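Okay, here's what each chain looks like letter by letter:
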Amino acid sequence: MNGKIVKNQQISAGHFLLRVTLAESFKTPMPGQFVMMRDPGRIDPLLGRPFGVYGFERSQEEVTVEILYKVVGKGTLVLSRLRESDFVEVLGPYGRAFDTYPEAGKVVFICGGIGVAPITYLAQHYRSLAAARDVELICYYGASKAENLVGIEKLKRICSRVFTSTDDGSHGFQGLITERFSADISSYAAGSSKIYACGPRSMLKELSELVAGNSVFCQILMEERMACGIGACLGCTVLLKDGGGRGEHARVCMEGPVFNIGDIHWG
Amino acid sequence: MKNAGPEMQVDIGGLIIKNPVLTASGTFGYGSEYVPYLDITRLGAIIAKGVSLEPRAGNKPPRIMETPCGMLNAIGLENPGVHAFIKEKLPFLRQFSVPVIANVFGETIDDFKRVTELLSESKGVDGLEINISCPNVKKGGIIFGSDPDMAHAVTREVKRLTDLPVIIKLTPNVTDICLIAETVEEGGADAVSLINTLTGMSVDIERRIPHLANVTGGLSGPAVKPIALRMVWQVAKRVKIPVIGIGGIMNASDALEFLIVGARAVQIGTANFINPSATTDIIDGIEDYLKRHNIDDINDLIGTFDEEGNAC
C-alpha cells in the first residue's frame, strides 16, 4: 500500500529517519520483520528495498512506521530524496520475527552500524512486555565513528547498559564491537541469557565463532539483496549448514531474516 | 450468466484459457506465495516454476542484482524435482480451477522425455512449457534452444510422449530467433513463448568481482521489453502457431503492445516481484482498454498491428 511521508530527516551524514503513515489495515510488525519500500511509479530503481522496522505506532486513525536507514546505493538515495507529503509504497510486514523470552535473565543486543534499527525495535518490544519487567537489557553497539552511532540516545533510554565501540576510538572502545563483547562474554550464562545481533556479515560471522561451542541462545538478523520479499524469486538465499532442517538454501525473506546463528554456513 | 464484459478467452495451441494473462515461470513460485495478495482464480493460467527430473539446489548466493530498469538473476533453476512437484506442489495448484502449465527443463533429451512422461501420467497439468534455454550436457553444454537441430529434437520427442499442449519457450540469446521458432513449429510445437531472459552481467568495480556468484545471469524487467516486443512481432509473422509474449511487461499498456503485434497471450514475470497483484491489475487494464475501444472480443485485437500506420 502507499503511505504518506511525514518525516524523512537526515540525522547524521548519510543516515536518515523516515516516518510514514499508513492505512490502519497495515499489520503490526513483529520485531525482526521487514517492509519493502519503493518510490511508487518508478522503474529505475525497479525493485523495492527491504528495511527492518525501527518503530511502529498504532492509534485510532492511523498507523505510523519508522525506518532508520543509511544511503548505500541507488534505492536508498532515491528514498532519501523523497519529501514530506510524498507517497512511498510500503509492502509487508514480511519475514520471520525474533523469538522473545520474557522470563530471560539478561538479554544482550549486539549491533553493528545500521543493524541498530531492527535491534532497537526488538529492545523496545522487550521493554514494553509487562512479563519482561525484570529482564536486564544490555546493548553493544559498534560503528565506524561516533557520529555514526545513530539512535544511541533511544537505545540508552531502553537498555540499562549500552557499550559502544568505534573504529577510530571517537566513542567507547576502539576496535570491533565483537571484541568489546568478547571481554564480557563469560558473564552471560547460557541458560538465562539471550543474545540477538544484527550488523555486517563479518560481524555476525565473528560472533558465530565467539558463541560456537557455547549453548547460549543467539539469533541474528541477516540481510540479502531481494526482489520480491515474499518467497517467490529465490533471490535472497543464504547457505545453511547441513541438517539445518530447511535444506541447503534458505530464503532470507521467508525462513529469515531471523536465523539461529548456529544454522548459518559462513563459507 | 455471463458478465457483460468483452470476451477475453483465447486458445493457445489447444489450451483454452479465460483470459490471455499468465504467470511467467520462476516468478510465481508454485502459487502459494501469492495467495495472500491476489485472487488466483482470475488468472488465465499459472505457469509454475520449472521442474527437472532430479531436485536441484540452485546456485550459490548472491543470486540477483538490480541493473537499470531491470534485474539479473542466476537462481540456478532451484527446484524440488518432478516427483516432489507432482506430490507436494501440484495438489495445491489444482485447487484454483485455473489451468496449470508445468515448466520443464533438462540437461539431456532423456531428462525432458522422462519429466514429460511423469507429468503427463500425473493427470494434474493442463499443458507443458518446455524451457530449452539450458545447456545440453551430452553435447558439450550447447544451449538446446540455440541449436535448431537440438531444439527440433526436444520438441519432437516431447510431443511424441504427451497429448498435452506443448509450448516451447525460446531463448533470445540466438542470432535468429525466427529460425528456431520455425524449427520447433516443424517439430510439432503447439505454441511458442518468448523471450526467456537475456544473458548479462554486472561488475563490482571496488572489489573487481562479479555481482552474481554465477558471474552471468538472466536480464529481465522493463529494460528488455523493446527487444522482447520486436522478437514477438517478428516470430508472430513467421509461424502459424500461437505466440505467447514475455519480457518486461509491467502493466496493461505493455501487455497490449504484445497482443497488438501478434501475441495470443502474455506472461507476467518480474512485475510480480514489485507488485504481487500485477497479473490481475493487468487483466483489469486490458478489459478497460477493450471497452474503451468498443472491442467485444480480444481476438479481434490480437495481431492488428498496422506497420505502415506511421508512414507519411
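Parameters and conventions
Numbering of residues begins from 1 in every chain and follows the order in which that chain's sequence is written. Whichever chain is written first becomes A and whichever ligand is written first becomes 1, with later ones labelled in order. Restriction of local features to residues with pLDDT of at least 70 applies here, the model being predicted, together with a cutoff of 80 or more for giving and counting side-chain atom pairs; totals for whole chains, interfaces and linings are based on all residues. Note that water and hydrogens are dropped before the side-chain values are worked out from all heavy atoms of the structure. Should a side-chain nitrogen of Lys or Arg be within 4 Å of a carboxyl oxygen of Asp or Glu, the pair is scored as a salt bridge. Helix and strand labels come from DSSP, where a helix needs a run of H or I of at least four residues and a strand needs a run of E of at least two; each type is numbered from the N terminus. In this scheme, a residue with accessible area under 20% of its type's maximum is buried, one over 50% is exposed, and one in between is partly exposed, where area comes from a 1.4 Å probe on protein chains only. Two strands make a pair as long as DSSP finds a minimum of two bridges between them. Axes here mean lines fitted to C-alpha atoms, for a helix over just the part in contact, with angles spanning 0 to 180 degrees between N-to-C directions. Here the bounds of each domain stem from an automatic or database domain assignment. Here a residue-residue contact requires only that any non-hydrogen atoms of the pair lie within 4.5 Å. Simply put, the buried area is the total loss of 1.4 Å probe accessible area from both parts when two parts are fitted together. Any residue that is not Ala, Val, Leu, Ile, Met, Phe, Trp, Tyr, Cys, Pro, Asp, Glu, Lys or Arg is counted as polar, Gly included; the first ten are nonpolar and the last four charged. Polar contact is the term for a pair of N or O atoms within 3.5 Å; when the atoms are in protein, one must be able to donate a hydrogen and the other to accept it, and sequence-neighboring residues count only if both atoms are side-chain atoms.

Turning our attention to the pattern of salt bridges. Residues and elements named next belong to chain A. A complete count under the given rule lists 26 salt bridges over all chains for this structure. Of the charged contacts, one joins D44 and K74 as a salt bridge, the two residues approaching to 2.9 Å between their closest N and O atoms. Of this pair, D44 sits in the loop between β3 (34-38) and β4 (49-52) while K74 sits in helix α1 (residues 74-80), and the two are 30 residues apart along the sequence. Residue classification places D44 among the partly exposed residues on the basis of a relative accessible area of 25%. A salt bridge links R180 to D184; the shortest N-O distance between them is 3.0 Å. Exposure class is identical for R180 and D184. Each is buried.

The subject of this paragraph is the sheet that holds strand β6 (residues 63-70) of chain A. All names here are of chain A. With respect to topology, 7 strands assemble into an open sheet ordered β4-β3-β7-β1-β2-β6-β5, the strand pairing being antiparallel. The sheet is open, and its two edges are formed by β4 and β5 (55-58), each paired on a single side. For this sheet, the mean angle separating the axes of adjacent strands, direction not counted, is 35 degrees. As judged from the 4 bridges shared by β5 and β6, these two strands associate in the antiparallel manner.

It is worth spelling out the domain arrangement of chain A at this point. Residues and elements named next belong to chain A. By the assigned domains, chain A splits into domain 1 (2-94) and domain 2 (106-221). Taking the mean C-alpha position of each, domain 1 and domain 2 sit 24 Å from one another. Residue-level contacts link 18 residues of domain 1 with 15 residues of domain 2. Carbon and sulfur atoms make up 67% of the surface buried where domain 1 meets domain 2, a total of about 1300 Å² over both sides. Among the residues of domain 1 in contact with domain 2, P31, Y54 and L68 are the three that bury the most area, contributing 43% of the side total. Note that E66 and K154 form a salt bridge whose closest N and O atoms lie 3.8 Å from each other. For the side of domain 1 that touches domain 2, the element with the highest residue contribution is β6, accounting for 4 residues. Here the residues of the side of domain 1 that touches domain 2 sort into 10 nonpolar, 6 polar and 2 charged.

Turning our eyes to something else, we now look at the interface of chain B and chain A. Interface size is commonly expressed as the accessible area that is lost once the parts come together. Counting residues at the interface gives 31 residues for chain B and 27 residues for chain A. Buried surface at the junction of chain B and chain A, both sides included, amounts to about 2300 Å², of which 66% is carbon and sulfur. Interface area lost by chain B to chain A is led by B:I64, B:E66 and B:I274, which between them contribute 27%. Our count for the chain B to chain A interface comes out at 2 salt bridges. Remark: the boundary between chain B and chain A carries 11 residue pairs in polar contact (both at pLDDT 80 or more). Secondary-structure elements contributing two or more residues to the side of chain B that touches chain A are β5 (64-67), β6 (70-73) and α7 (271-274) of chain B. Of the residues forming the side of chain B that touches chain A, the biggest block, 3 residues, is contributed by β5(B). Each residue belonging to the side of chain B that touches chain A can be placed in one class, and the counts come to 16 nonpolar, 9 polar and 6 charged.

Before going further, it helps to spend a moment on the environment of A:F34. Residues and elements named next belong to chain A. Take F34: it is sitting in strand β3. Measuring from C-alpha to C-alpha, the distance between F34 and L82 comes to 20 Å, with 48 residues separating the pair along the chain. Not counting residues within four places of it along the chain, the set of residues in contact with F34 comprises P50, F51, G52, G92, P93, Y94, G95, M226, G229, C253 and P257.

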